[in-house]
2 protein chains.
Amino acid sequence: MKAVTRLPALLLLMGSTVYGHPQGRDYSPQHAHEARGSLAVAATNGSSNPLIFYGRFISTPDPSTLSIQPNMAILVTTNDGRGVIAATAQNVSRPEDAAAALGVSTSTQIITPTTDNSFFFPGFIDTHIHAPQYPNLGLFAGTLLDWLQKYTFPMESSLSTLKSPQYANWTGSSPPNPYERARRVYNRVIDSTLSFGTTTCAYYATIDVPATNLLADLAYQKGQRALIGRTCMDNQQYNPDYYRDESTEAAINATWAVINHVQALDPSGDLVAPIITPRFAPACTNESMSALGKIAAEKNLPTQMHIDENVREVALVAQMYPEQDSYAATYDAHGLLTNRTILAHAVHVTDAEIALIAARGSGVSHCPDSNSALGSGIAPVRKMRDAGIAVGLGTDAAGGFSPSLLDNVRQAFLVSQLLSFQEGQNSSLIIPVAEALYLGTMGGAKVVGMEGRLGGFQKGMLFDAQEITLGSDADEVGDVDIFGWENWSDRVMKWVWGGNADNVSRVWVGGRLVSSKVV
Amino acid sequence: MKAVTRLPALLLLMGSTVYGHPQGRDYSPQHAHEARGSLAVAATNGSSNPLIFYGRFISTPDPSTLSIQPNMAILVTTNDGRGVIAATAQNVSRPEDAAAALGVSTSTQIITPTTDNSFFFPGFIDTHIHAPQYPNLGLFAGTLLDWLQKYTFPMESSLSTLKSPQYANWTGSSPPNPYERARRVYNRVIDSTLSFGTTTCAYYATIDVPATNLLADLAYQKGQRALIGRTCMDNQQYNPDYYRDESTEAAINATWAVINHVQALDPSGDLVAPIITPRFAPACTNESMSALGKIAAEKNLPTQMHIDENVREVALVAQMYPEQDSYAATYDAHGLLTNRTILAHAVHVTDAEIALIAARGSGVSHCPDSNSALGSGIAPVRKMRDAGIAVGLGTDAAGGFSPSLLDNVRQAFLVSQLLSFQEGQNSSLIIPVAEALYLGTMGGAKVVGMEGRLGGFQKGMLFDAQEITLGSDADEVGDVDIFGWENWSDRVMKWVWGGNADNVSRVWVGGRLVSSKVV
């Protein structure tokens, strides 16, 4: 694709302006704290004037509909710091007619498509991603529990402590700075997910408070919508000695520290907000889970945890919590299953668990990349959706191998096809591409508690969008090859199956341009 | 990734130089024929002087080994028109020492890596790809037999006849030219697969002789190694009336016409060669299959066909050929199962069929992208390999959704993980990444009858290679994010899981540079 080249330096430049260059200075978590005042300025750095977006808008207003509006105009008002869709107009034949159709001044700034093969699509919502594992994308070893020990815990701990096995063989003249590493990793995971069109992430961070607060700061600064979860890992038996909360009390205090930091950073909670994150039952204790459930209720906060990912993990939970009927019941007993809960994976969820999750109104993050890569199995998405459970998609980086939610849209279809075949060619189990796109946008909005505010282009929604640019009709090979005879429904399919970050030409969160490859 | 930008225009420019621009002229198949003299010149257009390649060479000499040679030099001699590895030298610390280590003049031209994060890898071998279906990548409808009728046959036929349903709603001032469409499609499929690092393709073309010959001409001109198969479709009941051979006799005559054209184009058969292609049993008749088996024996030609892809297809074959014990036996009865045979898919292959295929020495093209996308199932790769069957990988564009063999390396691992889980967590069924890379290179070489000549960097092999360039260690997001602390084994894994065409900086076939994104 020639019309669009990558321009990743812009946001990084912002980062280095605020934080200064790390070389030759002692980067400490306190420093990140001090910079917060500047970050708040950066986060509201978008235009406060209304904006018009004009062009082809494609979305999935319901699971079976791919809506294609070729000549639509959207008015985004940003005067309260949140870019909200104030009005829409369809069948506007020329961009110069958009202002009149929307009833605003013709001097209103207008954003038009990058090329004739560009379209606007709702930003993707990644309902499950581990920010500190970003450097491990593509590194696998066995199934879940082996992989956690070999790759995951060493990497996560390396963002806050020299006790991490990552530093065991370290040689050099001065000791490494784990927080400098945290800053590098978190800068990149945000830049990368934005570059792939992901406007909202439900992040798991680490157990460490300063590093987790830094993730919140960076998301806020770069303008990515983010739920920020400090992982609770207070179980002294299960977790490695180099990476665990010192005690339940310490875990709860750390949880409060992150909540307070994130809520001070964004009191509205619209852009970044804390999420209670008991990593998974084996990493926690009854005491921490109960305390976290109480905090969630007291502060009306969302919760997120893993559930039923791997058969050995399910057996481990049954062994550790023999007093509970199921994995889901274990969480429910501590008040952690609410209508603001994100349950990741749910591959081996039983009928009883499905009923319980549905009754509590909790959502599920379907992570097909990860579930295939770690050999976990195929989640029963249709069954959960039929039971009324909200389902979104998650990359689960780095159990998943890609920061791309679109890759998980593809895999959601592919594994559903395999499941359909296995279950006697039961085609009702297939998740068609349109529905997979719905899960990645509207479904995700429900799962992260933003139903009606994210996932589409309806009046009143926040304007979180990505502009997709396909190859041209001319005879050149591109990321998504278009010959020119394809209708737009087929072009969308070609994007889904061949698209990558190169096709995401621009990204907006709340009307603010947060990523651009347009030169 | 900043160091490498796409430069797809070079080869296309060559194409238009040889053929002239299509606009405003009557492009006919005869014209393609006439141009053949020029093409032969183009195909030997590489340097006839020896070349040294110096840098990091990574390959899979056996299924369980990822060989990483950080400082290797390879001498490629091209004086016979075939670029063959004449000598190798390891542990050459500097490029300026390479000539001496290889025993050649220090004035020998040397190719060095594009960046510090570049490496050479054997070119991928796509053992199953439908060139005329390239425009349909990502377009699906149901399972195999429905999809053939809705998307595949209309597109294939549109490359040679106005009877194609693709032209049913055509409106315009002058009629479309199917051969102009064929030229566009075939130019792109070759450029695209080269751009993804695929140096050899076993192509299915269409039933049409001039269009199929054109595919051979273009592959020869662009320098992609290719097996060219005219699909035999003489069954008057099964095939659509707008797209079938008129009779068995016509099918056999057309087969001969393509064989003669391709063998005249490249008498050595090293770069392009014909392959006998009875599409699949339902599309053929006993008569045509027998005749094709005889031609394969008489001319010592390879054969390729589909087998056991879909359960409805298997049932159809059993119904159409009740006198045969199995799908494989149907081919075998006509002399089509030889040690030069490529069987695509083999998802539902029985133990008896595995034994028969192994006894005949036939190879299998594993097409995991396609088998998942069409809901066909998961092929028993481990079982077939344990039985001694050579297995390679195939994109099966456009049953598969990607021209990338690397995507099929990923999917080969992913579906094997799912199969392992389904079969009682039998980890012996997993195809590890190194083995999947082996299947895409060395395995593919066996399947296309080039064992010992392709797939690696051993002395005597043809130099078919791709240079992979990863992101830099600097703080910028790229297609494959490298932080700098990763060892090379991990970097290769990151490439496998995150890489796309952007990472393929240069591609050589027989020592000739055939694709480059280096500016």
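Residues numbered from 1 in each chain as written. Chains lettered and ligands numbered in written order. Predicted model: local features only at pLDDT ≥ 70, side-chain atom pairs only at ≥ 80, totals over all residues. Heavy atoms only, no water.

The name given to chain A in an unreviewed UniProt entry is Putative guanine deaminase, with Cyphellophora attinorum as the source organism. Heading Cofactor (unreviewed entry) of the UniProt record for chain A holds this comment: "Zn(2+)". (UniProt positions renumbered as here; feature names shortened; annotations may be inferred.)

Engineer: Break down the overall build of chain A for me, citing the residues and quoting the values.
Structural biologist: Tallying secondary structure elements over chain A gives 17 helices and 18 strands in all. The buried share of chain A, reckoned over its 519 residues, is 66%. In chain A, 72% of the contacts between residues at least 6 apart in sequence involve partners at least 24 apart. (Helix = DSSP H or I, 4+ residues; strand = E, 2+ residues; numbered from the N terminus. Buried < 20%, exposed > 50% of the residue type's maximum accessible area, 1.4 Å probe, protein only. Contact = heavy atoms within 4.5 Å.)

Engineer: Could you give me a rundown of empty space enclosed by the protein, with the residues and numbers involved?
Structural biologist: Tallying each qualifying case throughout the model produces 14 cavities of 30 Å³ or more. Within this model, the largest cavity holds a volume of roughly 690 Å³. What lines the largest cavity is a set of 44 residues, and nearest its centre among them are Arg410(A), Asn500(A), Arg410(B), Gly499(B) and Asn500(B). Elements that contribute at least two residues to the lining of the largest cavity include exactly α15 (405-422) and α17 (488-498) of chain A together with α15 (405-422) and α17 (488-498) of chain B. (1 Å grid on protein atoms, 1.4 Å probe; cavity = no way out; pocket = protein on both sides within 12 Å on 5 of 7 lines; lining within 4 Å. Points joined across faces, edges and corners; volume = space filled by probe spheres on them.)

Engineer: Could you give an account of unusual backbone geometry, with specific residues and numbers?
Structural biologist: A cis amide bond links Ala397(A) with the next residue in sequence, Ala398(A), at an omega value of 5 degrees. Relative to the helices and strands, Ala398(A) is located in the loop between β15 (391-393) and α15. Phi is positive for Asp308(A), which is not a glycine, with a value near 50 degrees. By secondary structure assignment, the location of Asp308(A) is in the loop between β12 (303-307) and α10 (311-320). Despite not being glycine, His345(B) has its phi angle at roughly 90 degrees, a positive value. Within the fold, His345(B) resides in strand β13 (residues 341-345). For His345(B), a relative accessible area of 0% corresponds to the buried category.

Engineer: Any chance you could break down the packing of aromatic side chains for me, citing the residues and the numbers?
Structural biologist: Per the counting criterion, the structure on display carries 44 aromatic pairs over all chains. In textbook terms, an aromatic cluster arises when at least three aromatic residues are bridged by ring pairs, as seen for Phe53(A), Phe57(A), Phe120(A), Phe457(A), Phe463(A) and Trp508(A). Lying across the ring of Trp485(B), Arg181(A) places its NZ or CZ 3.8 Å from the centre. Sitting above the plane of the Phe483(A) ring, Arg188(B) keeps its charged end 4.1 Å from the centroid. (Phe/Tyr/Trp six-rings, centres within 6.5 Å; stacked < 30°, edge-to-face > 60°. Lys NZ or Arg CZ within 6 Å of the ring centre and 35° of its normal.)

Engineer: Outline the pattern of salt bridges, supporting the account with residue identities and numerical values.
Structural biologist: This structure, assessed with the given rule, holds 34 salt bridges over all chains. In this structure, the salt-bridge partner of Arg188(B) is Asp481(A), at a minimum N-O distance of 3.9 Å. Note that Arg188(B) is positioned in helix α6 (residues 178-195) and Asp481(A) in the loop between β16 (465-469) and α17, a pairing that runs across two chains. Note on accessibility: Arg188(B) and Asp481(A) belong to one class, buried. (Salt bridge = Lys/Arg side-chain N within 4 Å of Asp/Glu carboxyl O.)

Engineer: Account for α10(A), naming residues and giving values.
Structural biologist: Residues and elements named next belong to chain A. Taken residue by residue, α10 has Glu 313, Leu 316 and Val 317 as its buried positions. Mapping the buried residues of α10 onto a view down its axis gives an arc of 100 degrees, with all of them on the same face. Residues Ala 318 and Gln 319 are exposed on α10 and point more than 90 degrees away from its buried face. Contacts made by the buried residues of α10 are with α5 (144-157), β12 and α11 (327-332). With a side-chain oxygen lying 2.7 Å from the backbone nitrogen of Arg 312, the N-terminal cap of α10 falls on Asn 310. (Arc of directions from axis to C-beta. Polar contact = N/O pair within 3.5 Å; in protein donor to acceptor, adjacent residues only side chain to side chain.)

Engineer: Now, about the packing of helix α6 (residues 178-195) of chain A against helix α7 (residues 209-222) of chain A: what can you tell me, with residues and values included?
Structural biologist: Residues and elements named next belong to chain A. Closest axis-to-axis distance for the α6/α7 pair is 10 Å, and the angle between their directions is 35 degrees. Here the hand of the crossing between α6 and α7 comes out right-handed. On α7, the residues touching Tyr 179, Ala 182, Arg 183, Tyr 186, Asn 187, Ile 190, Asp 191 and Leu 194 of α6 are Pro 210, Ala 211, Leu 214, Leu 215, Leu 218, Ala 219 and Lys 222. Considered class by class, the residues forming the contact of α6 with α7 number 11 nonpolar, one polar and three charged. (Axes fitted to C-alpha atoms, helices over the stretch in contact; angles between N-to-C directions. Left-handed = near helix turned anticlockwise from the far one by under 90°. Nonpolar A, V, L, I, M, F, W, Y, C, P; charged D, E, K, R; others polar.)

Engineer: Can you break down the nonpolar core residue by residue, with the values?
Structural biologist: Counting 275 residues, the largest nonpolar core has Tyr186(A), Tyr331(A), Trp495(A), Tyr186(B), Tyr331(B) and Trp495(B) as its most contacted members. In this structure, Ile125(A), Leu227(A), Ala445(A) and Val448(A) belong to the second largest nonpolar core, which totals 13 residues. (Core = buried A, V, L, I, M, F, W, Y, C linked by side-chain atoms within 4.5 Å.)

Engineer: Break down the pairing of β12(A) for me, with residues and values.
Structural biologist: All names here are of chain A. Counted residue by residue, β12 has five buried out of five residues, so it is predominantly covered. Taken together, the five bridges between β12 and strand β13 (residues 341-345) define a ladder with parallel strand orientation. The residue of β13 that forms the bridge with Gln 304 is Ile 342. (Pairing = 2+ DSSP bridges.)

Engineer: I'd like a rundown of the sheet that holds β12(A), residues and numbers included.
Structural biologist: Residue and element names in this part refer to chain A. Strand order in this open sheet of four strands is β12-β13-β14-β15, and the pairing throughout is parallel. Pairing within the sheet leaves two strands with one partner each, and these edge strands are β12 and β15. For this sheet, the mean inter-axis angle between neighbouring strands, taken without regard to orientation, is 30 degrees. Taken strand by strand, helix α16 (residues 433-447) contacts β13, β14 (363-366) and β15, and its axis lies near 115 degrees from that of β15.

Engineer: Help me get a handle on the relation of the copies chain A and chain B, residues and values and all.
Structural biologist: Between the two copies, chain A and chain B, the superposition gives an RMSD of 0.0 Å; the rotation angle is 180 degrees and the shift along the axis is 0.0 Å. Expressed as an axis order, the relation between the two copies is that of a two-fold axis. A shared binding surface is used by both copies, with 100% of the interface residues of chain A retained as interface residues in chain B. (Least-squares fit on C-alpha atoms with pLDDT ≥ 70 in both.)

Engineer: Describe the packing of α7(A) against helix α8 (residues 248-265) of chain A, listing the residues and the values that go with them.
Structural biologist: All names here are of chain A. Between α7 and α8, whose axes approach to 10 Å, the crossing angle comes to 20 degrees. Classified by the angle between their axes, α7 and α8 sit roughly parallel to one another. Here α7 and α8 pass one another in a crossing that is right-handed. Facing α7, whose interface residues are Val 209, Thr 212, Asn 213, Ala 216, Asp 217 and Tyr 220, α8 presents Ala 254, Ala 257, Val 258, His 261, Val 262 and Leu 265. (Parallel < 35°, antiparallel > 145°, perpendicular 65-115°, else oblique.)

Engineer: I'd like a rundown of helix α7 (residues 209-222) of chain B, residues and numbers included.
Structural biologist: All names here are of chain B. The end-to-end C-alpha distance of α7 is 20 Å, a good match for the 20 Å that 14 residues give at a rise of 1.5 Å each. When you tally the buried positions in α7, you get 13 out of 14 residues, the bulk of the element. Measuring from the side-chain oxygen of the N-cap residue of α7 to the backbone nitrogen of Ala 211 gives 2.9 Å; that N-cap residue is Asp 208. (Expected span 1.5 Å × (residues − 1).)

Engineer: Please set out the state of the cysteines residue by residue, giving values where relevant.
Structural biologist: Under the counting rule described, the total for this entry stands at zero disulfides over all chains. No disulfide involves Cys232(B); its sulfur sits 4.2 Å from the nearest other cysteine sulfur, which is in Cys284(B). (Disulfide = S-S within 2.5 Å.)

Engineer: Lay out the pairing of strand β8 (residues 225-229) of chain B in plain terms, naming residues and giving numbers.
Structural biologist: Residues and elements named next belong to chain B. Counting buried residues along β8, five of its five residues qualify, which places the element largely inside the surrounding structure. The side-chain alternation of β8 yields two buried faces, one formed by Arg 225, Leu 227 and Gly 229 and the other by Ala 226 and Ile 228. As paired elements, strand β7 (residues 198-204) and β8 share five bridges and run parallel to each other. Paired with Ala 202 across the bridge in β8 is Leu 227. On the question of chirality, the crossover connecting β7 to the parallel β8 by way of α7 is right-handed. As paired elements, β8 and strand β10 (residues 272-274) share three bridges and run parallel to each other. For Ile 228, the partnering residue across the bridge sits in β10 and is Pro 274. (Right-handed = clockwise from strand over helix to strand, strands pointing away.)

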